[in-house]
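# Summary of the model geometry
Here is how the chains run, residue by residue.
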Amino acid sequence: MTGIALGGGFSHPPEQAARAFRAVLEAVSRPGTIWTVEGAVPPAPLTVAAGTVLLTLADGTAPVHLAGDADCQPVRDWITFHIGAPLVGAEGAMFAVGRWQDLLPLGRFHPGDPDYPDRAATLIVLMNDLTNAGARLTGPGIKDAARLSLPEIAAFQRNAVQFPLGLDFIFTAGDRVAALPRSTKVEGAACM
Amino acid sequence: MYVAVKGGERAIDNAHAWLAEERRGDPGVAELGVAQIREQLALAVNRVMAEGSLFDPDLAALAIKQARGDLIEAVFLIRAYRTTLPRLGASNPVDTGAMAVDRRVSATFKDLPGGQILGPTFDYTHRLLDFKLAAEAAVPEAATAPALAGPVPHVTGFLNRDGLIEGAERSDATPPDLTREPMELPADRALRLQAITRGDEGFVLSMAYSTQRGYGRTHAFVGELRIGRVAVEMDIPELGFAIEIGEVELTECETVNQFKGSKTEPPQFTRGYGLVFGQSERKAIAMSLVDRALRWKELGEDDTGAPAQDEEFVLMHCDNIQATGFLEHIKLPHYVDFQSELELVRRLRAEAMAVQEAAE
Amino acid sequence: MTDQAYNFAYLDEQTKRMIRRAILKGLAVPGYQVPFASREMPMPYGWGTGGVQVTAACLTPEDVLKVIDQGADDTTNAVSIRKFFQRTAGVRVTESTGEASVIQTRHRIPEAPLREGQILVYQVPIPEPLRFLEPREAETRKMHELEEYGLMHVKLYEDIARHGEIATSYAYPVKVEGRYVMDPSPIPKFDNPKLGDCPAIQLFGAGREQRIYAVPPYTQVVSLDFDDHPFVASKAPHDCDLCGADESYLDEVIIDDAGGRMFVCSDTDFCAGRQAAGHRGRLSPAEVV
């Protein structure tokens, strides 16, 4: 195991995880809003935010799927050492991490069961940038409308149609985080 | 002039101080030691360990002392403590066939390999108050016999050899754990057994009794009841083999129930199973009856609508910590809900009376 | 300040992660009850263990916590829960609704409007709105899956046939975003209109029943009713006898054994605030001394 794997975790787990969770809680509660998180210094290509979200939410009982170049030895080692989550294929994942194009097609991930829609996967998307521009979001958590620089539109529209089934998304860029739960309706032009 | 009730915090502190005083009782009487409870009220300790799901006689004795002898309160203390303990690993399944038995009786065979051992039982004591105990008399020493050499085979094993009883399939699957995952229904047998072994002794007893009286009757014989100590072993990955980490006392009951046959299976006896921490004989027998009653579906029996056949009813109501918490919470303030009911009843009555008056 | 023998906010980190995951899924499917492996807490089931676990999973060291029971900060169980978090999380506490960032409540929504940045955590005894119509979990789960809420409408309609109105005065069922029927916990139906379009995050914890559910901010929450019998948020037809408020939910207090009674705000912070601002009710002393 490399030196990278041993470093980059929380130095004060209870407090750091609590603050990071609050940011994610706000992000999921208010789709489109952008929050900052800190605490993790994961190996590339994981963002600070993606690493922090994983440290906050994943553990030995929450299987993680690594997609594309996120599926590299340093990231595997880091997750194994700090989180202990089983690394699995897309089908069995509770969390998946990767760039947007590497996460496609979304049909591989579990959208929940009709009687247990909570059993759906959460996808943590690695982005270069995250801004309040682009797609128009409406739905629970949004006062009138919000905008977020989503990587595309159609996939999220297809996802929302399945409600109450569907995937939930957490977007990360650097130390910034935003979310798009399945309950959000997405319209308008994509950017990026 | 009305002043809103204040001082909840002081009231709580005062109540707790009074409780501590009451717990101690008359200071002129010697204080009860935890070791005394552990040694002399061992069956209470056993019950607290079984329903608390934690094998630690010292902690259970402490909980009984702290709870002033209220065993459900003591179970609650143990459960709340248990939750805070880190989970370091899981043991291997214990081998009750290798149990060092203190007691072992079978109701189905007069004699059998390993013998019938009455052990330290209340059975056949005449329930006459023994006033000698009030006088703290010395106890005459009990006779001893050499320990049994080798394992004591299970009665159901003898029946199994002839195919007279249903097989118990071996499985290395990790059983579910209702203390770590939310209960999901329908439950499998392992989950049911876990719920029942933690369940309230009184509840499980009454459920079992109801099956005997015809509410989901299963015609049970105690094939075997054994009490004793078993080794607890754990695999240590670094060592590559299992080591013994301790010993627990268990009561195990296997019932042999009336045979059942089908077109594909010739008639054979079926099983009920009970396994409980400590010397907890009543609970283990009751557990095996309830287990058997709950198996009606897999054995192709009729649902007679008996409470003991109703998995959701049994599993959702057998836990006395859940039950006592919810039961007793109705003494908490409910004046907001009550107020809304008061207004509703007043309004409905006023309307009803207006209608009545108009009719007259 | 904090009790070093226990982790921050009492629960171990693994338990908090499990609860946090459940909360996020609850927010993603508003009104749906997420099963979670509720832990045995050092207070009895039925006394707020679900709310306490949700609060413990949400608290940060910077939070300001308010705990109310029946709208009041000084009821004994509210005092007990507040003390628990002071001891195990070392957070600041307050009785002011405006100052609080996390509010744990039993049976009330505060009178003062909530704002963004606040979390309201409800203690829930029976999370399943269909439970008293169908006791079996396996059945009610299927009813939610298939959106089969006819049984609930039949029950409400039977009320109207018998009493001339819907005879449910608290824990009045609501429909969230047109999909899940949800139990709002035993708040008086007077509070129901505050559930919808609320700027704060609303989280619901049922410990004994092992369920967490959520209503995100600005979410549509509709109290079930019929066109010819619309929902009415009722309260006692009085003003507060201490602060004169005519729009707050009131507790009735018996003051003698000759039928004397008075009505006072159930929200003690709201009432005290109004009195401090000079508002007076029927039985207020002439001047505050």
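Please read all numbers here as calculations on a predicted model, not as lab measurements.

Residues and elements named next belong to chain C. Read across the sheet, three strands follow the order 7-6-10 without closing on themselves; strand pairing throughout is antiparallel. Each of the sheet's edge strands pairs with one partner strand only, and the pair in question is strand 7 (180–182) and strand 10 (221–223). Here the average twist between neighbouring strands, direction ignored, is 30°. One ladder, built from three bridges, connects strand 6 (residues 174–176) with strand 7; its direction is antiparallel. The residue bridging valine 174 from the neighbouring strand is methionine 182, located in strand 7.

Bringing the packing of aromatic side chains into the picture now. The relative placement of two aromatic rings is captured by the distance of their centres and the angle of their planes. Per the stated rule, a full pass over the model turns up 14 aromatic pairs over all chains. Through a chain of ring-to-ring contacts, three or more aromatic side chains come together here, namely Trp100(A), Phe156(A), Phe169(A) and Phe171(A). One residue, Arg179(C), lies across the ring of Tyr180(C), its end atom 4.3 Å from the ring centre. The ring of Phe326(B) has Arg208(C) sitting right over it, with the charged end atom 3.6 Å from the ring centre.

Here the focus is the packing of helix 3 (residues 42–52) of chain B against helix 4 (residues 57–66) of chain B. Residues and elements named next belong to chain B. For the pair helix 3 and helix 4, interaxial distance at closest approach is 9 Å and the crossing angle is 105°. As summarised for this structure, helix 3 and helix 4 are arranged roughly perpendicular, according to the angle between their axes. Contact with helix 3, carried on its side by Ala44, Val45, Val48 and Met49, involves Pro57, Ala60, Ala61 and Ile64 of helix 4 and no other residues of that element. A per-class count over the contact of helix 3 with helix 4 returns eight nonpolar, no polar and no charged.

Before going further, it helps to examine the pattern of salt bridges. For side chains of opposite charge, pairing can occur when their charged atoms come near one another. All told, the structure shown has 59 salt bridges over all chains when counted by the stated rule. Ionic pairing is found between Arg99(A) and Asp69(A), a salt bridge with its closest N-O pair at 3.1 Å. Here Arg99(A), found in strand 3 (residues 95–99), pairs with Asp69(A), found in the loop between strand 2 (64–66) and helix 4 (73–82); they are 30 residues apart in sequence, far enough to count as distant. Accessibility expressed as a relative area gives 27% for Arg99(A), which makes it partly exposed. Take Asp69(A): its relative accessible area is 38%, and that puts it in the partly exposed class. Between Arg119(A) and Glu184(B) there is a salt bridge; the shortest N-O distance is 2.8 Å. With Arg119(A) in the loop between helix 5 (100–103) and strand 4 (122–126) and Glu184(B) in the loop between helix 6 (155–161) and helix 7 (189–198), the pair connects residues from two separate chains. Accessibility expressed as a relative area gives 37% for Glu184(B), which makes it partly exposed.

Definitions and limits used
Residues numbered from 1 in each chain as written. Chains lettered and ligands numbered in written order. Predicted model: local features only at pLDDT ≥ 70, side-chain atom pairs only at ≥ 80, totals over all residues. Heavy atoms only, no water. Pairing = 2+ DSSP bridges. Helix = DSSP H or I, 4+ residues; strand = E, 2+ residues; numbered from the N terminus. Axes fitted to C-alpha atoms, helices over the stretch in contact; angles between N-to-C directions. Phe/Tyr/Trp six-rings, centres within 6.5 Å; stacked < 30°, edge-to-face > 60°. Lys NZ or Arg CZ within 6 Å of the ring centre and 35° of its normal. Parallel < 35°, antiparallel > 145°, perpendicular 65-115°, else oblique. Contact = heavy atoms within 4.5 Å. Nonpolar A, V, L, I, M, F, W, Y, C, P; charged D, E, K, R; others polar. Salt bridge = Lys/Arg side-chain N within 4 Å of Asp/Glu carboxyl O. Buried < 20%, exposed > 50% of the residue type's maximum accessible area, 1.4 Å probe, protein only.

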